[in-house]
Amino acid sequence: MTFRRVAIGLAVLAMALMLVSTGGFSAMHADRGVHVEVVGDNEALVGYESPNPIKVTGAWTDADGNVTDASNAAEPVGEHADLVTITNRAGAPIEHVEVSSYETPDGIELEDIRTPDSIGVGDEGTISATVVCESSTAGSSPDIAVTVTLRNDHFVSIIYGDTRTITVECPA
């Protein structure tokens with residue numbers, strides 16, 4: 001008879017626990033801070049290096065093609081230069097390289113931007129452009145920013161230019 005009372009007591013207790021909360025929870029909200037930093041890493045899957053500074057070495061010319069100072073220049077000065085060298089350390093080739101955006105201050109232009117079609121495993125590819133300095137930038141060293149998007153079937157990598165600026169030295 002004691003066994004029967006214990007079994008009934010346990011059954012009643014089990015039903016009571018099913019009717020009331022047991023103290024568990026089904027949802028939770030938490031805020032966690034995240035810190036992301038761009039640091040140099042010789043073993044990163046994608047390397048991004050730029051010559052700093054890029055020196056535009058042309059001469060200012062007047063309307064007749066004579067060398068002059070910037071205040072009398074008729075044409076801007078431009079020079080084709082390497083902007084960024086991408087190193088592929090990933091285990092797959094990069095099949096698409098694109099300059100997705102760039103920022104230049106007033107008086108600086110990028111023209112004729114050239115990118116490699118692809119970059120093989122362990123290879124480097126160079127992004128270049130004609131860097132043009134208007135006479136208003138004579139003797140200055142403004143910064144430009146180049147954002148690069150790299151793709152293949154396995155990943156997309158966007159390297160934002162505002163984390164890595166490139167200085168352009170315009171002729172005096």
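Scroll up to find the structure.
Residues numbered from 1 in each chain as written. Predicted model: local features only at pLDDT ≥ 70, side-chain atom pairs only at ≥ 80, totals over all residues. Heavy atoms only, no water.

> If you had to explain the pattern of salt bridges to someone new, which residues and values would you point to?
Per the counting criterion, the structure on display carries two salt bridges. Note that Arg151 and Glu98 form a salt bridge whose closest N and O atoms lie 3.3 Å from each other. Taken together, the residues span a long stretch of sequence, with Arg151 in strand β7 (residues 143–151) and Glu98 in strand β4 (residues 96–103) at a distance of 53 residues. Put simply, Arg114 and Asp112 hold a salt bridge, and the shortest N to O gap is 2.7 Å. Looking at Arg114, the relative accessible area reads 45%, which means it is partly exposed. (Salt bridge = Lys/Arg side-chain N within 4 Å of Asp/Glu carboxyl O. Helix = DSSP H or I, 4+ residues; strand = E, 2+ residues; numbered from the N terminus. Buried < 20%, exposed > 50% of the residue type's maximum accessible area, 1.4 Å probe, protein only.)

> Please give an account of the state of the cysteines that cites residues and values.
For the structure on display, the rule yields one disulfide. The residue that forms a disulfide with Cys133 is Cys170, at a sulfur-sulfur distance of 2.2 Å. In this structure, the disulfide formed by Cys133 and Cys170 twists by about -75° around the S-S bond and is classed as left-handed. Of the two residues, Cys133 sits in strand β6 (residues 124–133) while Cys170 sits in the segment after β9 (165–169), which places them 37 residues apart along the sequence. Its relative accessible area of 0% is what places Cys133 among the buried residues. The class of Cys170 is buried, set by a relative accessible area of 8%. (Disulfide = S-S within 2.5 Å.)

> So what about the environment of Ser71? Which residues, and what values?
Inspection of the secondary structure assignment puts Ser71 in the loop between β2 (54–55) and β3 (77–88). What makes Ser71 exposed here is its relative accessible area of 63%. The spacing of Ser71 and Ser135 is 64 residues in sequence and 6.7 Å in space, taken between C-alpha atoms. A polar contact of 2.8 Å, which involves the side chain of Ser71, links it to the side chain of Asp69. (Polar contact = N/O pair within 3.5 Å; in protein donor to acceptor, adjacent residues only side chain to side chain.)

> Account for a negative patch on the surface, naming residues and giving values.
Taken together, the side chains of Asp106, Glu109, Glu111 and Glu134 present a region of like negative charge at the surface. When you line up the elements, Glu134 lands in the loop between β6 and β7. (Patch = residues over 30% accessible without salt bridge, like charges linked within 9 Å, V, L, I, M, F, W, Y side chains within 5 Å. Areas by Shrake-Rupley, 256 points an atom, 1.4 Å probe, with all protein chains shown as cover. Lys, Arg positive; Asp, Glu negative; His and termini not counted. Charge placed at Lys NZ, Arg CZ, Asp CG, Glu CD.)

> Talk me through the pairing of β7; I want residue IDs and the actual numbers.
Where a strand is regular, its side chains alternate between the two sheet faces. Burial analysis of β7 places seven of its nine residues in the buried class, which makes it a mostly covered element. Across seven bridges, the pairing between β4 and β7 is antiparallel. Of the residues in β7, the one forming a bridge with Glu98 is Thr149. As paired elements, β7 and β9 share three bridges and run antiparallel to each other. Along β9, the bridge assignment pairs Ala145 with Thr165. Across four bridges, β7 lies against strand β8 (residues 156–159) in antiparallel orientation. Its bridge partner being in β8, Leu150 is matched across the sheet by Ser157. (Pairing = 2+ DSSP bridges.)

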